[in-house]
Amino acid sequence: MRKLLIILLVLLAVGLGIFFNLPGYMDRKMNTVASPPPYPASPQAQALHQTLFVADLHDDALLWDRNLLDRHDHGHTDLPRLLEGHVGLQVFSTVTKTPRGLNYESNSADSDNITPLVIAQRWPARTWNSLLERALYQGELLDKAAADSQGKLTLVRSRDDLTRYLAAWQKDPKQLAAVLATEGLHPLEGKLGNIDRMYDAGFRIMGLTHFFDNEVGGSAHGLKKGGLTAFGREVIPRLEDRKMLIDLAHASRPLIDDVLAIARRPVIVSHTGVAGTCPGPRNLTDAHLRGIANTGGVIGIGYWDGAVCETSVEAIVKAMRYAADKVGVEHVALGSDFDGAVNAPFDTTGLAQLTQGLAKAGFSDRDIAAIMGGNVRRLLLENLP
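As the structure is a computational prediction, the values presented were derived from the model and not from experiment.

What counts, and where the lines are drawn
- Residues numbered from 1 in each chain as written.
- Predicted model: local features only at pLDDT ≥ 70, side-chain atom pairs only at ≥ 80, totals over all residues.
- Heavy atoms only, no water.
- Helix = DSSP H or I, 4+ residues; strand = E, 2+ residues; numbered from the N terminus.
- Buried < 20%, exposed > 50% of the residue type's maximum accessible area, 1.4 Å probe, protein only.
- Lys, Arg positive; Asp, Glu negative; His and termini not counted.
- Salt bridge = Lys/Arg side-chain N within 4 Å of Asp/Glu carboxyl O.
- Polar contact = N/O pair within 3.5 Å; in protein donor to acceptor, adjacent residues only side chain to side chain.
- Contact = heavy atoms within 4.5 Å.
- Right-handed = clockwise from strand over helix to strand, strands pointing away.
- Pairing = 2+ DSSP bridges.

Engineer: Got a minute to help me understand the side chain of Lys-97 in this structure?
Structural biologist: Its location among the elements puts Lys-97 in the loop between β3 (87–94) and α4 (114–120). For the buried Lys-97, no salt bridge is present, and the opposite-charge side chain at shortest range is Asp-112, 6.2 Å distant. Polar side-chain contacts of Lys-97 include one of 2.6 Å to the backbone oxygen of Ala-109. In this structure, Lys-97 is in contact with Ala-109, Ser-111, Asp-112, Ile-114, Leu-131, His-186, His-210 and Phe-212, ignoring residues within four places of it in sequence.

Right, dumping it as structure tokens:
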């Protein structure tokens, strides 16, 4: 009996060891690059890149068991690598639920990959059964990183915050602004009042859906792929009243149509592709490009194959050129989807390669500055609370 007990304890210890080490393994396996750093660019591109204010609309690093302040040899971003890539502003999104068997075509909401990840990463017990608490906890992680960064990471919640940060950045660009977002509004848990809880926690960009239909509306990857629900029609004006930006990434086409019909403020798509260069269920049609631009919004072009059909700088630039030709350079932005379980051409230290690619495609220095971050800076200065 004693020998059997020892064997069982050893097996339990081994099992727990595997379980608690699984998140790091999954991070390394899922957040990959086509080639390792360094990422060379021409002297001209490097020089131009160093003059730019670079802003990216989507990063899922908060999901993973990585300290943002430490440099890592896997994944796509952390503060040291963001600064090396000359990034001035990064939107960090919170992922709270994804379905098993995740795919681009059709997913139900009755399963969840994130719960075991949350437990294995030793998140507080309050996050185990609450999507709202998962979002709030990731916000707390970002708060803590900013507090511990010795002024290198600043959370931006208002126009005044951003104005102050930009003045400091002009004097010393070796610092980063962070804006907090959520990927899907299932953390509302069907309660309108939770918008205020998320606002108070610092959330300023609100994606409506992720990989499944939720209480607000349909996902491009859901079962029904419908438009706004009755609850969703209450949510949209509440978000706009709080001056929280609506993000239509992952939204079904009927959902995009419904939001564009009632939006009173700019809407964004934080990470996407365009159907004109890469057909796909989540990539924007020409009509939706025009509709989003007509609100004054911006469209963040992603870096992975599902968005641009190849893992290459050339494919990213091709999508940006298409969108710019359709609706104007002033509506095009970066939407990497770094750390979102994608294979990217580079990590964030390689962004000068994108600057070089835009120049090679014939974009002017002024247009490059707009796409690489100027458009996001303008949008936030005009629309944050």
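Engineer: What is the right way to look at the pairing of strand β5 (residues 176–182) in this model?
Structural biologist: Put simply, side chains in a regular strand alternate between the two faces of the sheet. Counting buried residues along β5, seven of its seven residues qualify, which places the element largely inside the surrounding structure. A two-sided burial pattern is seen for β5, the buried positions comprising Leu-176, Ala-178, Leu-180 and Thr-182 on one face and Ala-177, Val-179 and Ala-181 on the other. On the question of chirality, the crossover connecting strand β4 (residues 153–155) to the parallel β5 by way of helix α6 (residues 159–171) is right-handed. Pairing geometry for β5 and strand β6 (residues 203–207), over three bridges, is parallel. For Ala-181, the partnering residue across the bridge sits in β6 and is Ile-205.

Engineer: Which parts of the structure should I look at to understand unusual backbone geometry?
Structural biologist: For residues that are not glycine, phi is negative in most cases, and the peptide bond is trans in most cases. Pro-37 connects to Pro-38 through a cis peptide bond whose omega is 5 degrees. Following the sequence through the fold, Pro-38 ends up in the loop between β1 (32–33) and α2 (43–49). Notably, His-86 is not glycine yet its phi reads approximately 65 degrees, a positive angle. Relative to the helices and strands, His-86 is located in the loop between α3 (79–84) and β3. A relative accessible area of 7% means that His-86 is categorised as buried.

Engineer: Teacher, can you tell me more about the environment of Glu-183 here?
Structural biologist: Following the sequence through the fold, Glu-183 ends up in the loop between β5 and α7 (194–200). Residues Glu-183 and Ser-93 lie 90 residues apart in sequence; the distance between their C-alpha atoms is 6.0 Å. Discounting residues that sit within four places of it in the chain, Glu-183 has contacts with His-58, Asp-60, Ser-93, Thr-94, Val-95, Gly-207, His-210, His-250 and His-271. At 3.2 Å, the side chain of Glu-183 and the side chain of His-58 are in polar contact.

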